[in-house]
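# Breakdown of the fold
Each chain is listed here by its residues.
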Amino acid sequence: MAGTATTAPAVVTLDIGGMTCGACSARIEKKLNRLEGVTAEVNFALERAHVSFDERHSVDDLIDTVVKLGYTAELPPPPEAAASAASAPGESAEEAADRELAAMRRRILICLALTVPVIAMAMVTPLQFDNWQWLSLTLAAPVAVWGAWPFHTVAWKNLKQAGGTMDTLVSVGVLASFGWSLYALFFGYAGITGMQMPFLMTPTPGQGLHHIYLEVATSLTLFVLVGRYAEHRAKRRAGSAVRALLELGAKDVTALRAGQEVTIPIGELRVGDQFVVRPGEKIATDGVVVDGTSAVDASMLTGESVPQEVTVGDSVVGATVNTSGRLTVRAERVGADTQLAHISRLVSDAQAGKAPVQRLADRIAAIFVPVVVAIAFCVGGFWIGNGGDSAVALTAAVAVLVVACPCSLGLATPTALLVGTGRGAQLGIVIRGPQILESTRRIDTVLLDKTGTVTTGKMRLVETVCAEGTTRDELLTLAGALEHSSEHPIATAVTVAARAVTPDLPAVADFQASAGFGVVGTVDGREIIVGRPGWVGERMSTPDGLRSRLTEIEGSGHTPVAVGWDGRLRGLLLVADEAKPTSRRAIDEMRSLGLNPILLTGDSKGAARRIADEMGITEVEAEVLPQDKAAVVRRLQDEGRNVAMVGDGINDAAALAQADLGIAIGGGTDAAIEASDITLVRGDLRDAADAVRLSRRTLGTIKGNLFWAFVYNLAGIPLAASGVLNPMIAGAAMALSSIFVVTNSLRLRRFKSSSRHDDAKAEAELLAPASPSPAAVS
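Residues numbered from 1 in each chain as written. Predicted model: local features only at pLDDT ≥ 70, side-chain atom pairs only at ≥ 80, totals over all residues. Heavy atoms only, no water.

This next bit is on a nonpolar patch on the surface. Together, Phe707, Trp708, Val711 and Phe740 line one region of the surface with nonpolar side chains, adding up to about 390 Å² of accessible area. Ranked by residue count, the leading element in the nonpolar patch is helix α26 (residues 686-721), at 3 residues. Within the secondary structure, Val711 is located in helix α26. (Patch = residues over 30% accessible without salt bridge, like charges linked within 9 Å, V, L, I, M, F, W, Y side chains within 5 Å. Areas by Shrake-Rupley, 256 points an atom, 1.4 Å probe, with all protein chains shown as cover. Salt bridge = Lys/Arg side-chain N within 4 Å of Asp/Glu carboxyl O. Helix = DSSP H or I, 4+ residues; strand = E, 2+ residues; numbered from the N terminus.)

Pasting the structure below:
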């Protein structure tokens, strides 16, 4: 019997509107996860849901589920549509957000103008003239009704769904304070002419129907509005790095159509199309230069401040800026396939996820509101049941409702994650998900792939050894004449060095190559042999001086190339893969983070040991076959180590996936990047240390936020229940707790990259005028 075919679950991202606190996101997430075959994560700070679902559901089903809860849900526009919308007339998402903030600001200013005299009259007894309470009611009514209307409407929607959020607590608190004041004014003794009411930080028995709470209703509304406005602004600032990344791309492109330059929207460009990039313009999409030479500034994408020279055949990345010459580029990737779109997607996915530490906060937020409402009723009942004054009972109950709002709990993790990953994106560090933060805290060992990661990956001539009677220029010129026809990395290194001596290398006749051994050819009537010393030595004699030098070279890590003619070995060219100038500093920084570096390579032990000694690395895993790299990671893990792997090639992909933390370095293959947890856009190994530092700092900020959010609620609720906390003060404290959490997260924007700091310092020293020598002064 044939098995039933199963299809992979579909994944969709929805933009959610109408959420006001962490309890909102928890409600939506809980409702979606109740659907069979659906797994959802809802991010309050991003106002976005990441949903995985099977064939039993459609996107419309998911949207309907969210809408029935009283929120909005829609699919975000694709990159091409977003780019077109940004350039088309009409309101953009940014403009809509600005309009919303402006409306909130107007509401706050009006409420402020009405609330200040209400509070002043309540707090300052000399201002309480005859019938002042009726003026206070006239000023407070618009605030309690219109000013708090956003809270009332959401609370009503929640009530119809038998649920509650922060708005429920605020609405109940405002209406309770305002309703009691109306009762005391119309049916109690607070409305009599000449009534005076001293302001007290704590309620006292005997006030009863002599006291009004209009200052509580107005100040609570004002403080929560101010807190929410600050949250909205802070969340926009937190996501500014990613928004800037998404908006880097060009909106229009000058395409070549039938030999003519035509300006078209970026969405109409297709793979294979050629387009023109003038000096100062952005490169429209990823491609290959087919004509022209220029320098490209990629600082907005990689953080690299120095423009890179490009010419025919070089790859260029979309959104980078052409600084000088005119380029013609053939499009290789467009739309969602570009590197910019890929990085933006990785960052957005990371921000949409949740760190394990956030799960507890979400579970608490989901049950917090009904528990708090129950506590408030119990507190009020306790005070009245024990002979307390009704005013004391009301004050304590309202204070409990207000001080317990779980905003700070809902903001603690997503804001820190939003800022941390956004700052990483600015620095060319792409953190794939929130769970990576926990991995960076645990790792103690870092495996470093040698070629292309610690080293440049390009062979370079490091030494020339000439036999007696042979000059260096002659040796290089004849060797370079043969090697320039080969694409082997060693041949390229010899050719580059030879062209530095003789730009126009002589012609070669009767050229023959022996794969893996060397080449033979005739130059100016002489037969020249270039290749492995043993292979060349079989065909001609080797002087004693060169033979002893070959013995010294063995185990040094340098690769010797023998050159001979006229039946005699004439010299040796020593080439090597050189370490990147920044690698030693990067490895020192890793040690300062408590990481033990291990060099991993398929090269010989001698070559590996030479680089390891330069880097100060004691442990080396050499002569490791590509398929065995993952096995090395497993062996270290079996020894109890938490392993990070840094690599860039296809042969590193399995090891990157196996490691506890995989870091793909800039310029790496797509396979390595997909298998990694962190992607470094630049090729600077120092960014790996920066990535670990930034991840650990982000995790520390999340834990700090959650600690203070829990402490605030744990301390505030008992104080409010005991009747020693004025509701007005509770409202201010609640707003300040949310502002504190968001502001603490925004500190991550000041994270400094050690590599950028060093580069800027070196550049400043280079540009600084030289100090005059003592001799010159004298």
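Next up on the list: the packing of aromatic side chains. Within this structure, the stated rule accounts for 6 aromatic pairs. Pairing Trp180 with Tyr183 gives two aromatic rings, centres 6.3 Å apart and planes at 40°, and the pair type is tilted. Note that Trp180 and Tyr183 are positioned in helix α7 (residues 166-187) at a spacing of 3 residues, about one turn of the helix. For Trp180, a relative accessible area of 18% translates into the label buried. Judged by relative accessible area, Tyr183 falls into the partly exposed class, the value being 43%. Between Trp708 and Phe740, the ring centres sit 6.4 Å apart and the planes meet at 85°, which makes this aromatic pair edge-to-face. A residue pair is termed long-range when its members are at least 10 positions apart, and Trp708 in helix α26 and Phe740 in helix α27 (residues 727-746) qualify at 32 residues. Classification of Trp708 as partly exposed rests on a relative accessible area of 47%. Three or more aromatic residues joined by ring pairs form one cluster here, namely Trp180, Tyr183 and Phe187. (Phe/Tyr/Trp six-rings, centres within 6.5 Å; stacked < 30°, edge-to-face > 60°. Buried < 20%, exposed > 50% of the residue type's maximum accessible area, 1.4 Å probe, protein only.)

The phi angle at Asp510 is positive, at roughly 55°, despite the residue not being glycine. With respect to the helices and strands, the residue Asp510 is situated in strand β17 (residues 509-514). The residue Asp566 is not glycine, and still its phi comes out positive at about 55°. As for its placement among the helices and strands, Asp566 is situated in the loop between β20 (559-565) and β21 (568-579). Asp566 sits in the exposed class, given a relative accessible area of 52%.

The subject of this paragraph is the nonpolar core. The biggest cluster of nonpolar side chains holds 37 residues, and the ones touching the most others in it are Val174, Ile212 and Leu214. Looking at this core, the elements with two or more residues in it are α4 (93-123), α5 (132-147), α7, α8 (214-238) and α13 (390-403). The element that contributes the greatest number of residues to this core is α8, accounting for 8 residues. Apart from residues no more than four positions distant in its own chain, Ile212 is found in contact with Trp132, Gln133, Ser181, Ala184, Leu185, Ala190 and Met197. Counting residues in hydrophobic clusters, the runner-up holds 35 residues, among them Met590, Met615, Ile678 and Leu685. (Core = buried A, V, L, I, M, F, W, Y, C linked by side-chain atoms within 4.5 Å. Contact = heavy atoms within 4.5 Å.)

Moving on, we get to the side chain of Asn705. Tracing the chain through its elements places Asn705 in helix α26. For Asn705, a relative accessible area of 0% corresponds to the buried category. Setting aside its immediate chain neighbours within four residues, Asn705 contacts Ala412, Thr415, Ala416, Val741, Asn744 and Ser745.

Let's shift gears to the pairing of strand β22 (residues 596-600). For a regular strand, the rule is simple: side chains alternate between the two faces of the sheet. In terms of burial, β22 is a largely internal element, 4 of the 5 residues being buried. Pairing of strand β15 (residues 445-449) with β22 involves 5 bridges; the strand directions are parallel. Counted as the bridge partner of Asp449 is Leu600 from β22. Pairing analysis gives 3 bridges linking β22 to strand β23 (residues 619-621), with the strands arranged parallel. If you follow Ile598 over to β23, its bridge partner there is Glu619. (Pairing = 2+ DSSP bridges.)

Turning our attention to the packing of helix α21 (residues 583-592) against α26. Where α21 contacts α26, the two axes come as close as 7 Å, and the packing angle between them is 25°. With respect to α26, the element α21 is oriented roughly parallel. As α21 runs across α26, the sense of the crossing is left-handed. Each of Arg585, Ala586, Glu589 and Met590 in α21 lies in contact with α26, whose residues at this interface are Arg686, Ala688, Ala689 and Asp690. (Axes fitted to C-alpha atoms, helices over the stretch in contact; angles between N-to-C directions. Parallel < 35°, antiparallel > 145°, perpendicular 65-115°, else oblique. Left-handed = near helix turned anticlockwise from the far one by under 90°.)

In this section: the sheet that holds strand β5 (residues 252-257). In spatial order, the strands read β6-β5-β7-β13-β8-β11; together these 6 strands make up an open sheet with antiparallel pairing. Each of the sheet's edge strands pairs with one partner strand only, and the pair in question is β6 (260-265) and β11 (315-316).

Within the element layout of this structure, Asn131 appears in the loop between α4 and α5. Residues Asn131 and Gly191, 60 residues apart in the sequence, show an inter-C-alpha distance of 7.6 Å. Excluding its chain neighbours within four sequence positions, the residues that come into contact with Asn131 are Thr193 and Gly194. At a separation of 3.1 Å, a polar atom in the side chain of Asn131 contacts the side chain of Thr193. (Polar contact = N/O pair within 3.5 Å; in protein donor to acceptor, adjacent residues only side chain to side chain.)

Here we come to the confidence of the model for the protein chain. Looking at the protein chain as a whole, its pLDDT mean stands at 78, while 79% of the residues score no less than 70. Below a pLDDT of 50 lies the segment residues 79-90, which in the model reaches 9 contacts outside its immediate sequence neighbourhood of four places, other chains included. (pLDDT = per-residue confidence, 0-100.)

Next up on the list: the sheet that holds strand β3 (residues 48-53). Taken together, 4 strands build an open sheet; the order of strands is β2-β3-β1-β4 and the sheet is antiparallel. What marks the edges here is a single partner per strand, and that holds for β2 (38-43) and β4 (72-74). With strand direction ignored, the average angle separating the axes of adjacent strands in the sheet is 25°. Sheet strands touched by helix α2 (residues 59-68): β1 (10-17), β2, β3 and β4. Its angle to β1, the strand with the most contacts, is close to 30°.

To continue, consider the pairing of β1. Extensive coverage of β1 is indicated by the burial of 6 of its 8 residues. Pairing of β1 with β3, which is carried by 6 bridges, proceeds in the antiparallel orientation. Counted as the bridge partner of Val12 is Val51 from β3. Sheet topology places β1 next to β4; 3 bridges connect them, and they run antiparallel. Residue pairing for β4: Asp15 is matched across the bridge by Glu74.

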